[in-house]
Amino acid sequence: MSFFSSFGWIAISFLFFTVLVAVVAAWKTKGDNLETAEGYFLAGRGLPGVVIAGSLLLTNLSAEQLVGTNGQGWGSNMSPIGWEVGSLFTLFALAYFFLPTYLKMGTTTMPQLMEARFGRKTRTMFSLVIVIMYSILNLPVILYSGAVVFENIFDISAIFNLSKFSAVAVLCVVIGIIGGCYAIFGGLKAVAVSDTINGIGLIIGGLMIPFLGLALLGKETSGGGIIAGFQYMVQTEPAKLNAWAAWDAGEPALPWPLIFTGMLFNNLYWWCCNQSFVQRALAAKSLKEGQKGAIFCGFLKTLGFFYLVLPGVIAYFLPSIQDKIQAAGSSAIDFAYPALVSAVVPKPIMGFFAAVLFGAILSSFNSVLNSAATMFTLDLFRPILCPGKTDVFYVRVAKIYATIAGVIAIIIAPFVMYANGITTFLNSLSQFVSMPILFTVLGAIVFRRVPRYTPFLITVVHVVCYGAFMIIKPCYPSSGEPIHYLYAIAVMFVVELLIMMYLNKFRAVEEWKAPEDGTVDLTPWKYRHIVCIVGIAIAVGIYIFFSPIGIAA
């Protein structure tokens, strides 16, 4: 075995790329004033479009998603591409409708906007809920799921002769410490810069997998290459390449009506109102750069199916890994992607791929940690517990809080292994607040005459109705499969929209006008229209290609 195929080379190349990212992030933040609230929490409002796009992409992409969405493709068909291609439209909505209001007001956090529109109680309610979810629930699960993915792909326990629990625990500590250093000492800019570099690596490494997979598939089935591998899939089981799942398809498929309803509404919350995502766009040096970042990220998301769904479908066809996947039993859906990676990635570049995956895990952790510290400090600690102090004091508080939250997450994370189904449970928890937050924000942008009690009313209605759906767990009458939770979100969106329209017309108060901050230039990007039209055409083309009138006939 040559040196470039040895574990030593894999370790060296992994450390080289990981350290390179840290060095570049430190260099790009050198000389920045991280003692002011704006400098620490919003990178001095100086992020360019490219950095915003990369940071948005990496904040959204976790290692669990890389394995999970590919597993969905393995277990269903190409319908999960809706999560990627569909994000294009909500990122365009961020660029066109949400971001201008956010930057006009000089918004730092979503709860800050809520207070300006609906008062202190609304800000406190949502801040408390989100900070608790981020700190106590999301961070440990991000650490655990990232560590498990890394362990499954690279078999760390076997390399260092550790138990599975010990390997996961060690990985949680390493990820937590390195990710915490970015978030605590570097602020948002260090997080965003590292995200951008890791994003470039992810695009290179992620796009490499399907091409290597198709080449191996072609070789094993006909002695051919990439084209032969693709032809094998189309000729053997074309339905597997269909992105349009039946309306009553069970999970993990995404039923086609949800592309235009529940998933779209859900994505509006995540991309336009979720603090850990939107905070990158809030740090834009101008509206023009913020719009560039959101729109560029939309284009990157349309490419997402190449590394987030297609590899899972390739794993379904690849003969040489079927025994390994089937040996996983009920967990086979989570082993499809790791098995494919182990089979197709050449040993000389395995270290680079490991570093890219490690960067994606770090990004998820440090982004949520940074947002949790931001919201705790600016939305809870400063206005309620200790107003009137200097920026230096509040930045110090944010660093202390982030350190404590990070340590707690590291301690809790390994024990998530013993909580069966907790990841699914925690993912469903976000739906309890998604629509209330979305409609509260829309109250500042669209429904400017609704009364101040509206967020509380919407929250009560949503929590009761969605909670009832989760308890009852209704099934499709045609198939007996549980109804997809996004159907519930689609129905609740319509109900809550009607409530907002009624209150805006029949219980109207004086129209609220967004205050102008004047912090950044609000001149829009002049090429936004034509670029968005091109993006929409690409999205439509992708859905036609992966359909019965395309290759899935």
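Residues numbered from 1 in each chain as written. Predicted model: local features only at pLDDT ≥ 70, side-chain atom pairs only at ≥ 80, totals over all residues. Heavy atoms only, no water.

Taken together, the side chains of Leu128, Ile132, Ile136, Ile400, Ile404, Val407, Ile408, Ile411 and Ile412 present a nonpolar region at the surface, about 760 Å² in accessible area. Contributions of two or more residues to the nonpolar patch are made by helix 8 (120-154) and helix 21 (391-412). With 6 residues, helix 21 is the single largest residue contributor to the nonpolar patch. Along the polypeptide, Leu128 turns up in helix 8. (Patch = residues over 30% accessible without salt bridge, like charges linked within 9 Å, V, L, I, M, F, W, Y side chains within 5 Å. Areas by Shrake-Rupley, 256 points an atom, 1.4 Å probe, with all protein chains shown as cover. Salt bridge = Lys/Arg side-chain N within 4 Å of Asp/Glu carboxyl O. Helix = DSSP H or I, 4+ residues; strand = E, 2+ residues; numbered from the N terminus.)

This part is about the pattern of salt bridges. Tallied over the full model, the rule gives 7 salt bridges. The salt bridge involving Arg123 is made with Glu115; its shortest N-O contact spans 2.3 Å. Judged by its relative accessible area of 8%, Arg123 is buried. A salt bridge links Lys164 to Glu151; its shortest N-O distance comes to 2.8 Å. Here the residue Lys164 occupies a position in helix 10 (residues 164-222), and Glu151 occupies one in helix 8, the gap between them amounting to 13 residues. Note on Glu151: relative accessible area 2%, which makes it buried. Through salt bridges with shared partners, a single network forms among Glu115, Arg120, Arg123 and Asp379. (Buried < 20%, exposed > 50% of the residue type's maximum accessible area, 1.4 Å probe, protein only.)

What follows concerns the packing of helix 17 (residues 310-317) against helix 19 (residues 332-344). Running from amino to carboxyl end, helix 17 crosses helix 19 at an angle of 80 degrees, the nearest separation of the two axes being 9 Å. Considering the angle they form, helix 17 stands roughly perpendicular to helix 19. Only Ala336, Tyr337 and Leu340 of helix 19 make contact with helix 17, whose side of the interface consists of Pro311, Ile314 and Ala315. Among the residues making up the contact of helix 17 with helix 19, the classes are represented as 6 nonpolar, no polar and no charged. (Axes fitted to C-alpha atoms, helices over the stretch in contact; angles between N-to-C directions. Parallel < 35°, antiparallel > 145°, perpendicular 65-115°, else oblique. Contact = heavy atoms within 4.5 Å. Nonpolar A, V, L, I, M, F, W, Y, C, P; charged D, E, K, R; others polar.)

This brings us to the confidence of the model for the chain. Looking at the chain, the pLDDT average stands at 88 and 96% of residues meet or exceed 70. Per-element confidence in the chain ranges from a low mean pLDDT of 57 for helix 22 (residues 422-429) to a high of 96 for helix 25 (residues 485-506). (pLDDT = per-residue confidence, 0-100.)

Turning to the state of the cysteines, a few remarks are in order. Here the structure, examined in full by the defined rule, presents 0 disulfides. This cysteine, Cys465, is not joined by any disulfide, and Cys475 carries the nearest cysteine sulfur, 19 Å off. Judged by relative accessible area, Cys465 falls into the partly exposed class, the value being 35%. (Disulfide = S-S within 2.5 Å.)

Here helix 1 (residues 7-29) contains 23 residues, and its C-alpha end-to-end distance of 33 Å stays within 8% of the 33 Å for a straight helix at 1.5 Å per residue. Looking at helix 1, one finds that the buried residues are Ile10, Ser13, Phe14, Phe17, Thr18, Val21, Ala25 and Thr29. (Expected span 1.5 Å × (residues − 1).)

As enumerated under the stated definition, the model contains 33 aromatic pairs in all. Centroid distance Phe296 to Trp525: 5.7 Å. Interplanar angle 80 degrees. Geometry classified as edge-to-face. Linking Phe296 in helix 15 (residues 287-302) with Trp525 in the loop between helix 25 and helix 26 (528-545), this pair joins segments that are 229 residues apart in sequence. By way of ring pairs, the aromatic residues Phe211, Phe230, Phe305, Phe306, Phe545 and Phe546 are connected into one cluster. One residue, Arg117, lies across the ring of Phe118, its end atom 4.4 Å from the ring centre. Across the ring face of Phe393, the terminal group of Lys389 is positioned such that the distance to the ring centre comes to 5.8 Å. (Phe/Tyr/Trp six-rings, centres within 6.5 Å; stacked < 30°, edge-to-face > 60°. Lys NZ or Arg CZ within 6 Å of the ring centre and 35° of its normal.)

So, on to unusual backbone geometry. Cis peptide bonds are those with omega within 30 degrees of zero, and the linkage from Glu251 to Pro252 qualifies with 15 degrees. For Asp155, which is not a glycine, the phi torsion comes out positive at approximately 55 degrees. On the secondary structure map, Asp155 appears in the loop between helix 8 and helix 9 (156-159). Assessed through its relative accessible area of 35%, Asp155 is described here as partly exposed. One non-glycine residue, Asn161, lies in positive phi territory at about 55 degrees. Take Asn161: its relative accessible area is 72%, and that puts it in the exposed class.

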